[in-house]
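Now for the letters of each chain:
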Amino acid sequence: MIRKLRNLIERLRYGTLFEALQYRLASVGIIIAPYYWIQEGLNDIAPSPIQTGFEDYTFDFFGPDEIKLIVASKTWNYSEDKLLSRLKTGWKCFGAKYRGEIAAFMWIAFDEWCIKKHRVKLSNNEAYLLDMYTMKPFRGRGVAPYLRYQSYRFLKKTGKDRLFSYSDYFNNPSIRFKKKLNARFLKIGLYVELFNKYHWNWIIKDIHQ
């Protein structure tokens, strides 16, 4: 009994109780996904300590060769065909390498942002940031926020000055990560899907005017 109570407290603390409920509902065709809509890249990250210790890292866009290495590492659930199709449709994979070894990567879309089946067209000066991933040997080193910072710099050079992302409402690690980046939390939304057929999206609250 005490162990179950502790598990419940931990789930409430880290937001995994609702995630477990979401998983159960999804198994019967019901998706309920509250989320934050976020704007990034508004301010530069402070130069210390985030810009130190990366002398041996390189940051650039990844191509098919890196995609094959990512798939071969079995760290992601997406197939090689799915990831390569992203490149063919114009998405970019931006990543970090440590002495030639892939350390982290993220994806950037330029046509639309999407949550599940809800899609919104992006303007010419906008980009959508998603699917940040850090390889296990490089976690805890601050690679992800620095990679994100580098992506802001690359994107702004190409005229993309409005950068967006979203985080699941109960995904505390993602929320902490965005706050570390000085991101602006704009809206709370709710996506609902029934039986892979019907879907709706509502903005529940504007949290930044």
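Let me begin by describing the structure that accompanies this report. Note that the structure is a prediction, hence the values are computed from the model and not measured. (Residues numbered from 1 in each chain as written. Predicted model: local features only at pLDDT ≥ 70, side-chain atom pairs only at ≥ 80, totals over all residues. Heavy atoms only, no water.)

What follows deals with the overall build of the protein chain. For the protein chain, the helix and strand inventory stands at 6 helices and 10 strands. The contacts of the protein chain with a sequence gap of at least 6 include a subset with a gap of at least 24, amounting to 64%. Surface accessibility of the protein chain: about 12,600 Å² in total, with carbon and sulfur atoms responsible for 53%. (Helix = DSSP H or I, 4+ residues; strand = E, 2+ residues; numbered from the N terminus. Contact = heavy atoms within 4.5 Å. Areas by Shrake-Rupley, 256 points an atom, 1.4 Å probe, with all protein chains shown as cover.)

Okay, the packing of helix α5 (residues 143-157) against helix α6 (residues 172-180) next. Remark: α5 packs on α6, axes separated minimally by 10 Å, with the N-to-C direction vectors making an angle of 50°. Looking at the two axes, α5 sits oblique to α6. As for the relative orientation of α5 and α6, their crossing is right-handed in sense. Residue-level inspection shows Ala144, Pro145 and Arg148 of α5 in contact with α6, the latter providing Phe177, Lys178 and Lys180. (Axes fitted to C-alpha atoms, helices over the stretch in contact; angles between N-to-C directions. Parallel < 35°, antiparallel > 145°, perpendicular 65-115°, else oblique. Left-handed = near helix turned anticlockwise from the far one by under 90°.)

Residues three or four positions apart in an α-helix share a direction because the helix packs 3.6 residues into each turn. Of the residues making up helix α4 (residues 80-88), those classed as buried are Leu83, Leu84 and Arg86. When α4 is viewed along its axis, its buried side chains cluster within an angular range of 145° and face the same direction. Within α4, the exposed residues directed more than 90 degrees away from the buried face are Asp81 and Lys88. Backbone geometry just after α4 places Gly90 at a positive phi near 105°. (Buried < 20%, exposed > 50% of the residue type's maximum accessible area, 1.4 Å probe, protein only. Arc of directions from axis to C-beta.)

What follows deals with the pairing of strand β4 (residues 101-109). Within β4, 8 of the 9 residues are buried, which leaves it mostly tucked inside the rest of the structure. Bridge analysis of strand β3 (residues 92-98) against β4 gives 7 bridges, and the strand direction is antiparallel. Note on β4: the bridge partner recorded for Cys93 is Trp107. Linking two consecutive strands that pair antiparallel, namely β3 and β4, is a turn of 2 residues; a positive phi of about 50° is found at Arg99 within it. As defined by bridge partners, β4 adjoins strand β7 (residues 126-134) across 5 bridges and the pair is classed as antiparallel. Directly across from Phe105, in β7, lies its bridge partner Tyr133. (Pairing = 2+ DSSP bridges.)

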